[in-house]
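Listed below, chain by chain, are the residues.
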Amino acid sequence: MNDVQASGGRGQHLGAALLGVVGTTVLFALFARLEAHWLALGWVAMVPWLAALDRARSAREALGLGVLLSVTFTAAVFHWFPGALQAYSRAPTAVGWALFLLVAPLLQLQFAAAALARYAARRLAREGQGWLPPLVGTLAYVGVEGITPKLFADTLGHGLYASEWQRQGADVAGAPGLTLVLLLGNECVLAALRAWRGHGARRGAWRPVAGLAALVFGLSGYGALRQAQVREATRVEGGLVVGAVQANITRYEKLKAELGAYEVVRRVLDTHYAMSDALLRDGPVDLLVWPETVYPTPFGTPRSETGAALDAEIASYVSERGVPLVFGTYDLEGEREFNAAMFLGPSSPGRAPERAAYRKTMLFPLTEWVPDLIDTPTLREWLPWTGRWKRGPGPRAVRFTLRDGRQLRVAPLICYETIFPEYVARGVRQGADLLLTLSNDSWFTGTPAPRLHLMHAAFRSIETRRPQVRVTNSGVSALIDATGAVVAEVDDDQRAGLTMRVPATAALTTLALAWGDWLRPLALALAVGLLVGVALARRRARP
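A few points on the structure. (Residues numbered from 1 in each chain as written. Predicted model: local features only at pLDDT ≥ 70, side-chain atom pairs only at ≥ 80, totals over all residues. Heavy atoms only, no water.)

Looking only at helices and strands, the protein chain features 18 helices and 12 strands. Overall size of the protein chain, expressed as C-alpha extent along the three principal axes, is 90 × 55 × 40 Å. Restricting the contact set of the protein chain to residue pairs at least 6 apart, pairs at least 24 apart contribute 70%. Entry remark: accessible area of the protein chain is about 24,300 Å², with carbon and sulfur atoms responsible for 60%. A distance of 11 Å separates the average location of the 56 positive side-chain charges in the protein chain from that of its 45 negative side-chain charges. (Helix = DSSP H or I, 4+ residues; strand = E, 2+ residues; numbered from the N terminus. Contact = heavy atoms within 4.5 Å. Areas by Shrake-Rupley, 256 points an atom, 1.4 Å probe, with all protein chains shown as cover. Lys, Arg positive; Asp, Glu negative; His and termini not counted. Charge placed at Lys NZ, Arg CZ, Asp CG, Glu CD.)

Its 19 residues place the ends of helix α3 (residues 59-77) 27 Å apart at the C-alpha level, agreeing with the 27 Å of an ideal helix rising 1.5 Å per residue. Within α3 the residues assigned to the buried category are Ala62, Leu65, Gly66, Leu69, Ser70, Phe73, Thr74 and Val77. Taken around the axis of α3, the buried residues stretch over an arc of 160°, which confines them to a single face. (Expected span 1.5 Å × (residues − 1). Buried < 20%, exposed > 50% of the residue type's maximum accessible area, 1.4 Å probe, protein only. Arc of directions from axis to C-beta.)

What follows concerns the nonpolar core. Core analysis: the biggest nonpolar cluster contains 73 residues, and Met46, Trp49, Leu156, Leu160 and Phe459 have the highest contact counts within it. The residues touching Leu156, leaving out its near neighbours within four places in the chain, are Phe28, Phe31, Met46, Phe73, Tyr141, Thr179, Leu182 and Leu183. (Core = buried A, V, L, I, M, F, W, Y, C linked by side-chain atoms within 4.5 Å.)

Our focus in this paragraph is empty space enclosed by the protein. Under the defined criterion, the tally for this structure stands at three cavities of 30 Å³ or more. One number sums up the size of the largest cavity: a volume of about 100 Å³. Listed by contribution, the elements that provide at least two residues to the lining of the largest cavity are α9 (170-197), α15 (421-428), α16 (449-464) and α17 (511-515). Counting residues per element, the lining of the largest cavity draws most heavily on α9, which supplies four residues. Grouping the constituent residues of the lining of the largest cavity by class yields seven nonpolar, three polar and four charged. Of the volumes computed, that of the second largest cavity is approximately 80 Å³. (1 Å grid on protein atoms, 1.4 Å probe; cavity = no way out; pocket = protein on both sides within 12 Å on 5 of 7 lines; lining within 4 Å. Points joined across faces, edges and corners; volume = space filled by probe spheres on them. Nonpolar A, V, L, I, M, F, W, Y, C, P; charged D, E, K, R; others polar.)

This part covers the layout of surface pockets. In this model, the second largest pocket occupies a volume close to 340 Å³. In terms of lining, the second largest pocket is formed by 16 residues, of which the most central are Gly239, Leu240, Leu408, Asp433 and Ala504. Those elements that place two or more of their residues in the lining of the second largest pocket are β1 (234-246), β7 (407-414) and β12 (496-505). At four residues, β12 tops the list of elements feeding residues into the lining of the second largest pocket. Partitioning the lining of the second largest pocket into residue classes produces nine nonpolar, three polar and four charged.

Right, let's talk about the pairing of β7 for a bit. The buried fraction of β7 amounts to six of the eight residues, a majority that puts the element mostly inside the structure. Looking at chain direction, strand β6 (residues 398-401) and β7 are connected through four bridges and run antiparallel. By the bridge assignment for β7, Arg399 is matched with Arg409. Counting the residues in the hairpin turn of β6 and β7 gives five residues, including Gly405, whose phi is positive at 95°. When β7 meets strand β8 (residues 434-439), the two strands line up parallel, connected through five bridges. By the bridge assignment for β8, Ile414 is matched with Leu438. Following the chain from β7 across α15 to the adjacent parallel β8, one finds a crossover that is right-handed. (Pairing = 2+ DSSP bridges. Right-handed = clockwise from strand over helix to strand, strands pointing away.)

Relative to the helices and strands, Thr418 resides in the loop between β7 and α15. A polar side-chain atom of Thr418 sits 3.0 Å from the main-chain carbonyl oxygen of Cys415. Beyond its immediate chain neighbours, meaning those up to four positions away, Thr418 contacts Leu413, Val424, Thr437, His453, His456, Arg460 and Gln468. (Polar contact = N/O pair within 3.5 Å; in protein donor to acceptor, adjacent residues only side chain to side chain.)

Attention now goes to the pattern of salt bridges. Where charged atoms of side chains with opposite charge meet at close range, the side chains can pair. If you walk through the whole model with that rule in mind, you get 25 salt bridges. Between Arg118 and Glu187 there is a salt bridge whose closest N-O contact spans 2.5 Å. Of this pair, Arg118 sits in helix α7 (residues 109-124) while Glu187 sits in helix α9; the two residues are 69 residues apart in sequence, bridging distant segments of the chain. Judged by relative accessible area, which is 2%, Arg118 ranks as buried. The class for Glu187 is buried, based on a relative accessible area of 11%. As a salt-bridge pair, Arg520 and Asp517 come within 2.9 Å of each other at their nearest N and O atoms. A relative accessible area of 32% places Asp517 in the partly exposed class. Shared partners join several salt bridges into a network, and the residues in it are Asp54, Arg118, Glu187 and Arg194. (Salt bridge = Lys/Arg side-chain N within 4 Å of Asp/Glu carboxyl O.)

Next up, the structure:
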C-alpha cells in the first residue's frame, strides 16, 4: 500500500510539474504576439513554472524543469523558424525541427540557470531569507542571458513593446531591464498567491501586491515622462524627407535560374528606377533608399564589362536626379567579399560622385558566414547554402551630403545587426543623428519574423533616442521615431514606395546609450555574489 501511495505521490508531483511548464509555455506563446490585449500576461506568465520549480526535490529535477521549459518555449514562440530554414536551405522540415529543439537548451540557457540558482538559494536560505531564492533566480536569469548565444537576441522585456509607456523604460538598461522588472513582477504575483492561500497570513498579501503595483505604475510613469520629453525635443518643421522603395522582388536565385543573371538584375534595377521616379514626382526628396543586396553584385569593382555598364548606369541615375542614394550591394577587397550599404551622391561638375561604403559586420551564422575554424570543404559539401561573406570592421557613422547641401551623419545597419543593442549604440556614439537600416526578410515572408525584426529595430530607437529609417525588399519597411513608435510602414509581402518625413529631433542621451549592456554583467555578478556570500555565512554558522 505504501508503494502504491508513493507511486501516486510521484505521479501527482510529476503531473503538477509538467502542468507548470505547460501553463507558462501557453502564456508566453500569447504574450509573444506583441499585442496590447495580451500585455498583462507578461506579469504572470512565469508563475506556474516558478511554483513548480519551488517544489523541485533535487537539483536534477530543477535542471530538468529549466531544460524542458527552454524546449517548449522555443517550440511555441519560434515555431516559424524551422519552416523558414527549410525554405532557405531546402533541408527537410523535420530535420530543422530536430536541430532547433536540440539546441534550444543552449539558446534559452537562462531557464536552466535560473532554475539551478533558485534551487541552490532555496537550500541555502535561512529563516527570514525568503527573499533570497526569488532574487537570486531573477538575477541569474537576466545575467545568463547576456552570455547565451541566442540567434534572435530575444528577452521577455521585448513583449512590453505593446505598451507605449512601459517600453520607454528600455532607455535605462535596454530590453533586459524590462525583463528584470517583469520577472520581479511575477515573483510578486506568486508571493501574493501564496500569502492568500495561507489563510492566517492573508493580511501579508498586501505587500507583494503593493510591490507589483509599484513596478507597473513606476515603469508606466517613467515611460510617460520620457515620452513627453522626447516629443518636446522633436520639431515639426525641418527634418529629412526619405524616399524608400520596397519592390517585393525576392528569391533571386530562383529568378536567376529562370531568367538568367543579367535579366534578374535588369528587372530589379528598372523596377527600383521606376518606383523611385514616382516618389520624386510626388514631391522633393532629400534621400533615396533601396534595401539590402538589391544590387546583387559588387559595385565599383565590376567583374565584367556588363557589370561596369550597370555601375555607371546607377551613378548616372543619381547624378541626373540630383538625389543621393543608399542601396544594398556587395563590396570587394581583393578576394574578400562583403555585404555592404553603398552611399552614392550626385557628382558636381568636374568632380567624382561622393561615395562611401559600409560593410556588414554581424553576419547570421552559417547562412551568411562560416567561422574560419570550421570552414572546410566537407562542411561546404554538407551545407551547400552556407554563405561566403566576410565580416566588416564594425559600427561606424557615415557622413554624406544631401541634395540641399546639408550634412547628415547616420549609423548604417544591415539586417541582422539591428538585434544587437551595443553594436547600434557604438555607431550612435560616433555622432549619428539617424539609424538607417537596410534589410532582406524575404525568407520569412508570411511568418511573424518580419514583425519581430521590426520590434527589435524599434527598441534600438528607444535605447538611443534616434529616429530610424528601415527599408526592406519585402517588408516591413518603416519610419520609427525616437519613442519606438512606427510612424509609417509598408507591410510584409507588399510592393510600394513610401515617403518618410523624418522630424528633426534634438540629440538626447540615455543610460542605455552611454553605458551599453551594463545590467546583465552586474546581475550575473550579484547572483554569484549572493550565493557565495550566503554559502560562506552558512558555513561559518556551523558549530
